[in-house]
Amino acid sequence: MMNNTNYANNSELILYESDNSNIKGTPSKVAFPETEDEIINLIKNTKSDIIPRGAGTNYVGAVTPNDSLIICTKKMKKVIDFDAKTKTIYTESGATIKELNEKLKAIGFEFPIHTNPESTLGGMIALNTLSNLGKYGNMKEHLEEIEFINGRGELTQISKGDLSDICGMEGTTGIITRAKIKIIPIPKRSASIFQSEDIEELITVSKRLMIDKEIVSLKFYSPTSSKIIGLPEKNNLIIIFSSNRGKIIGDEYKKLEKLVGSSINKLRSNDYTEIEESRFILNKLEDFILFISKNRIPFFGDFTSDSIYTFFRNNDKTQEDIRNIIRKMSGRPFLGIGLKRKNILEPLRRKILQRVKQRYDPFFKLNKGKLIDIVKKEKTNPEKPEEKMNQFILKVEDTEKDSLNNQLEDYKYTFQPEPNPENKKEIESFSKNIPREINQFESQLENQLKTQSDNQSEIQSETPPEPQPEPPHETHQETYLQTPQETHQETNPQTHPQETPPGKTTTSDNLDRTSKSEEDLIRDIMFNKT
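Residues numbered from 1 in each chain as written. Predicted model: local features only at pLDDT ≥ 70, side-chain atom pairs only at ≥ 80, totals over all residues. Heavy atoms only, no water.

Let's talk about the packing of helix α4 (residues 199-209) against helix α8 (residues 284-294)
Test applied: To obtain an axis, a line is fitted to C-alpha atoms, over the contacting stretch when the element is a helix, and the angle between two such axes runs from 0 to 180 degrees between their N-to-C directions. Secondary structure elements are taken from DSSP: a helix is a run of H or I of four residues or more, a strand is a run of E of two residues or more, and numbering for both begins at the N terminus. Angle categories are assigned with fixed cut-offs, so that under 35 degrees is roughly parallel, over 145 is roughly antiparallel, 65 to 115 is roughly perpendicular, and the rest are oblique. Handedness of a crossing follows from how the near helix is turned relative to the far one, being left-handed for an anticlockwise turn of less than a right angle and right-handed for a clockwise one. The contact criterion used throughout is that any non-hydrogen atoms of two residues lie within 4.5 Å.
In the contact formed by α4 and α8, the axes pass within 10 Å of each other and the chain directions differ by 160 degrees. The angle between the axes of α4 and α8 places the two elements in the roughly antiparallel class. Between α4 and α8 lies a crossing of right-handed hand. Two secondary-structure elements touch here, α4 through I199, E200, I203 and K207 and α8 through E286, I289, L290 and S293.

Digging into the confidence of the model for the protein
It should be kept in mind that the predicted coordinates are not to be read in detail where pLDDT is low. Note the threshold: Within a predicted model, pLDDT stands for the predictor's per-residue confidence, ranging from 0 to 100.
For the protein, the mean per-residue pLDDT works out to 83, and 73% of the residues sit at or above 70. Below pLDDT 50 for its whole length, residues 472-511 participates in 18 contacts with residues either more than four positions away or in separate chains. Across residues 521-530 the pLDDT falls below 50, and counting only partners more than four positions away or on other chains, this stretch makes ten contacts in the model.

Some remarks on α4
Residues separated by three or four positions in an α-helix point in the same direction, a consequence of the helix having 3.6 residues per turn. As a reminder, the rule being used: For every residue, the accessible area obtained with a 1.4 Å probe (protein chains only) is divided by the maximum for its type, and the residue is called buried under 20%, exposed over 50%, and partly exposed between those limits. The directions from the helix axis to the C-beta atoms form the arc being described. Pairs of N or O atoms within 3.5 Å make up the polar contacts considered here, provided that, within protein, one atom can donate a hydrogen while the other can accept it, and that residues adjacent in sequence are counted only when both atoms are side-chain atoms.
Among the residues of α4, I199, L202, I203 and S206 are the ones counted as buried. The buried side chains of α4 occupy one side of the element, clustering within an arc of 100 degrees when seen end-on. The secondary structure elements touched by the buried residues of α4 are β12 (190-196), β13 (215-221), β14 (235-241) and α8. At the N-terminal end of α4, a side-chain oxygen is found 3.0 Å from the backbone nitrogen of E200, two or three residues along, and the residue is D198.

A word on the packing of aromatic side chains
Note the threshold: Pairing of aromatic side chains requires ring centres within 6.5 Å, counting the rings of Phe and Tyr and the six-membered ring of Trp. Pairs whose planes differ by under 30 degrees are stacked, by over 60 edge-to-face, and all others tilted. Only when the NZ atom of a Lys or the CZ atom of an Arg is both within 6 Å of the ring centre and within 35 degrees of the ring normal do we say a charge sits over the ring.
Tallying each qualifying case throughout the model produces ten aromatic pairs. Relative to F299, the ring of F220 has its centre 6.1 Å away and its plane inclined at 55 degrees; by these criteria the two rings are tilted. One end of the pair, F220, is in strand β13; the other, F299, is in strand β16 (residues 299-302), with 79 residues separating them in the sequence. Positioned above the aromatic ring of Y7 is the side chain of K29, whose terminal nitrogen or guanidinium carbon lies 5.6 Å from the ring centre. In this structure, R313 is placed above the aromatic ring of Y272, and the distance from its NZ or CZ to the ring centre is 4.3 Å.

A short note on the sheet that holds strand β3 (residues 50-53)
As a reminder, the rule being used: Any two strands with at least two DSSP-identified bridges between them are counted as paired.
Ordered in space as β1-β2-β4-β3, the four strands form an open sheet in which the pairing is mixed. Single-partner strands in this sheet number two, and they are β1 (6-7) and β3. Across two bridges, the pairing between β1 and strand β2 (residues 26-32) is antiparallel. Note that in β2 the partner of Y7 across the bridge is A31.

A word on the pattern of salt bridges
What counts, and what does not: Throughout this description, the term salt bridge denotes a Lys or Arg side-chain nitrogen within 4 Å of a carboxyl oxygen of Asp or Glu.
Inspection of every chain in the model, using the stated rule, returns 19 salt bridges. E144 is the partner of K160 in a salt bridge, and the nearest nitrogen-oxygen pair spans 3.9 Å. Residue K160 is located in the loop between β9 (155-159) and β10 (175-182), and its partner E144 is located in strand β8 (residues 143-149); the two are separated by 16 residues in the primary sequence. The partner of E346 in a salt bridge is R332, with the nearest N and O atoms 3.3 Å apart. Placement of E346 in the loop between α9 (318-328) and α10 (347-360) and of R332 in the loop between α9 and α10 is noted, with a sequence separation of 14 residues between them. For E346, a relative accessible area of 40% corresponds to the partly exposed category. Since its relative accessible area comes to 48%, R332 is described here as partly exposed. Each of E144, K160 and K182 takes part in salt bridges that share partners, so that together they form one network.

Brief notes about the sheet that holds β8
An order of β5-β6-β10-β8-β9 is seen for the five strands of this open sheet, with the pairing classed as antiparallel. Edge positions in the open sheet fall to β5 (79-83) and β9, since each of these has one partner strand only. Sheet twist, expressed as the average angle between the axes of neighbouring strands with direction ignored, equals 10 degrees. Looking at chain direction, β5 and strand β6 (residues 88-92) are connected through four bridges and run antiparallel. For F82, the partnering residue across the bridge sits in β6 and is I89.

Written as structure tokens, this is what we have:
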């Protein structure tokens, strides 16, 4: 196969030493394939570490090289197919979100995962990126199919059931080349801003707004972060609608949209270079916000996705404390794991990820050291075929021997040998005593039964007869067990009140049951006043 792949020159390698995490490494080469065949050829003919890369917009060191071959997919950006009925588009992975939405805008559609406009589709799938507009969720929720090349250099296609083997695996299981994604008609968006000095008031307002179906984002900003991005130094709540209900529309809305999209970069440019982001469940986000507000830590987030970003200056000791609090509150990062956060993975999760990687990348070529660490075990003394066969034969013999021993043990306990003379005498003596013991037991049982019968007779003779109750007067006689005919004969409870049976008590529920429909009566029961 001819290798027509373009490579970066030596002066350009410095551009690929790092991503937005600012963790630096060393690339050996940077390739720019334009076809899947070129990627297959690169994987099959490379023994060193291979790093799939899009635009490098992640913050966790997910594409930091280590004397690695970087395969950059930014030249693979063709739109292959569009289906208006199913509202899906099939495109190559190197297209950026900005480029993709510019093409979709011409036909009245958009891809709703709003994030850094320079992010590529493949990079967003690898990180399972969360949308800036929280109600649209993350990448996996908008994926139909993924086409990728695994660590063996095989072109593979997966759909719904196996998306997690690639989506969110940060390029450790394959290089994404194409994807079928769901798109939506472009809505008319608008926004409103609510401001408050009290963070608890802002949380209360957001709870009321959460049920509104036209609200796609409830972005909240602390006073410090508000000031840095250009808002008044208060607690700000930006409410984004998928309609024209908001007060900010048209060009003003576009300005606000850019401001929201640049929030992370503006905070990082003001010396808040370290980020701890998390998603919470079960209303824990509110507790976390109240805690960090007291500590004056800059933050912003989105109530519609239960997500929050907290910012720290370099070497800020409180960052580790906040990280520990996030773990205790079961918060989960959503910007990726990369090099920065491998230590937060739970042992069980790490094992699952290792098995998935080994399935698709058995030679450990792809993105070594990212997400998880897997050390390939190398045999110091490779075995010859004859040695392997001898070991196999010995193993089979041992298995057969164990099986035979088990069978002999079962036989020994199942089939007893012929008893010796002494045992025979004991057995005969025991057998002779059996009839006598049975007769003794029967006589004891008869005596016990006779004694119980005599005692019962004495108790009955001493017990006086119960007095017969006097018959009630005819005018007060009531029948509590009615016949089917009587139960159907309704009477007015006011004209013929029912007396309480002797020994019974009644309670009043203050309900008027005369001339009431069933619906009115149920309403009275639900809102009964004593």
